[in-house]
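# Reading the structure
The chain contents come next:
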Amino acid sequence: MENNRSEIETGKLRVLLIDECHLMWGDLSGYIWGKTDQEIMVPVVNEREKQTYYGAIDYLQGELILKTYDAGNSQNTIDYLRYLLDESPNQQLLIFWDGASYHRSQEIKNFLDELNKGLSTDQWKIHCVRFAPNCPTQNPIEDVWLQAKTWVRRFCALLPSFSHLKWMFEWFIRHTTFDFPTLQMYGAFSKIKY
């Protein structure tokens, strides 16, 4: 990224760290308290309620661009990439993401080939860089998902339904600017306006 410092700081190149989060009704709870001399009954219900979120944290701004989907797959990934392009007018995108199978699918390759067709590498509208395999610590957005899930767990007694859980999760993400050490692991950039 240091090689692209000028483009990043002037806003020509937008660096986005992308990941998907699958929020499930079971994420609401995780702890139980009770007397040690009494048996505690915990009903186990196979809850099918879930929500998939695609998120991209803007490396320079610390904001998260969130969009909901029914699942993580190639079609939804392409839709999300188009959404990011719409949210980033007149900017090229440098995408960092993991090696999920749908990130590496032929559909994604075809989409990127068509999008960048006829352009030199330095003019590509989207350039994707993959994190090391099985290394979630490389992607700071994992901390965002953890913070949001931890936050909603604090209010578990107040959330009577999955729709309330989703609302709280989304509210937290939309009203938080993220700034933590892992976000700066790839270098520090300023917001210099020219």
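Under the annotation held in an unreviewed UniProt entry, the chain carries the name Endonuclease DDE and is attributed to Nostoc piscinale CENA21.

The next subject is the overall build of the chain. Secondary structure summary: the chain contains 5 helices and 5 strands in total. Helices and strands in the chain line up, N terminus first, as α-β-β-β-α-β-α-β-α-α. The buried share of the chain, taken over its 194 residues, is 39%. Taking contacts inside the chain between residues at least 6 apart in sequence as the whole, the part at least 24 apart equals 73%. Surface exposure of the chain reaches about 11900 Å², of which carbon and sulfur atoms provide 51%.

The next subject is the environment of Phe 162. For Phe 162, the position within the fold is in helix 5 (residues 162-174). Once the C-alpha coordinates of Phe 162 and Gln 51 are considered, the two residues, 111 residues apart in sequence, prove to be 9.4 Å apart. The contacts of Phe 162, once residues within four sequence positions are left out, are Leu 23, Met 24, Trp 25, Glu 49, Lys 50 and Gln 51.

With that settled, the discussion passes to the environment of Leu 119. With respect to the helices and strands, the residue Leu 119 is situated in the loop between helix 3 (106-115) and strand 5 (126-130). Excluding its chain neighbours within four sequence positions, the residues that come into contact with Leu 119 are Trp 124 and Lys 125.

The sheet built from 5 strands is open, its strands ordered 3-2-1-4-5 with mixed pairing. The sheet is open, and its two borders are formed by strand 3 (64-69) and strand 5, each paired with just one other strand. Going across the sheet, the axis of each strand differs from the next one's by a mean of 25 degrees, ignoring polarity. Against the sheet, helix 5 contacts strand 1 (13-24), strand 2 (50-58) and strand 3, and its axis sits at roughly 160 degrees relative to strand 1.

Here the focus is the pattern of salt bridges. Scanning the entire structure with this criterion turns up 3 salt bridges. Between Lys 67 and Asp 79 there is a salt bridge, and its shortest N-O distance comes to 2.8 Å. You can see Lys 67 sitting in strand 3 and its partner Asp 79 sitting in helix 2 (residues 74-87), a full 12 residues away along the chain. What makes Lys 67 partly exposed here is its relative accessible area of 24%. Assessed through its relative accessible area of 32%, Asp 79 is described here as partly exposed.

Grouped together as the largest cluster of nonpolar side chains are 29 residues, with contacts concentrated most on Leu 64, Trp 145, Phe 169 and Ile 173. When contributions to this core are tallied by element, the ones reaching two or more residues are strand 1, strand 2, strand 3, strand 4 (92-97), helix 4 (141-153) and helix 5. Those residues in contact with Ile 173, other than ones at most four positions away along the chain, are Leu 64, Leu 66, Val 144, Trp 145, Ala 148 and Phe 178. In terms of nonpolar packing, the next biggest core, distinct from the first, is built from 21 residues, Tyr 69, Ala 100, Tyr 102 and Ile 108 among them.

If you trace the backbone, Glu 9 turns up in helix 1 (residues 5-10). Reaching out from Glu 9, the side chain makes a polar contact with the side chain of Arg 5 at a distance of 2.8 Å.

Our focus in this paragraph is the confidence of the model for the chain. Scored by pLDDT, the chain has a mean of 83; 82% of the residues are at 70 or more. Mean pLDDT values for the elements of the chain range from 83 in helix 1 up to 97 in helix 2.

Cut-off values and rules
Residues numbered from 1 in each chain as written. Predicted model: local features only at pLDDT ≥ 70, side-chain atom pairs only at ≥ 80, totals over all residues. Heavy atoms only, no water. Helix = DSSP H or I, 4+ residues; strand = E, 2+ residues; numbered from the N terminus. Buried < 20%, exposed > 50% of the residue type's maximum accessible area, 1.4 Å probe, protein only. Contact = heavy atoms within 4.5 Å. Areas by Shrake-Rupley, 256 points an atom, 1.4 Å probe, with all protein chains shown as cover. Pairing = 2+ DSSP bridges. Axes fitted to C-alpha atoms, helices over the stretch in contact; angles between N-to-C directions. Salt bridge = Lys/Arg side-chain N within 4 Å of Asp/Glu carboxyl O. Core = buried A, V, L, I, M, F, W, Y, C linked by side-chain atoms within 4.5 Å. Polar contact = N/O pair within 3.5 Å; in protein donor to acceptor, adjacent residues only side chain to side chain. pLDDT = per-residue confidence, 0-100.

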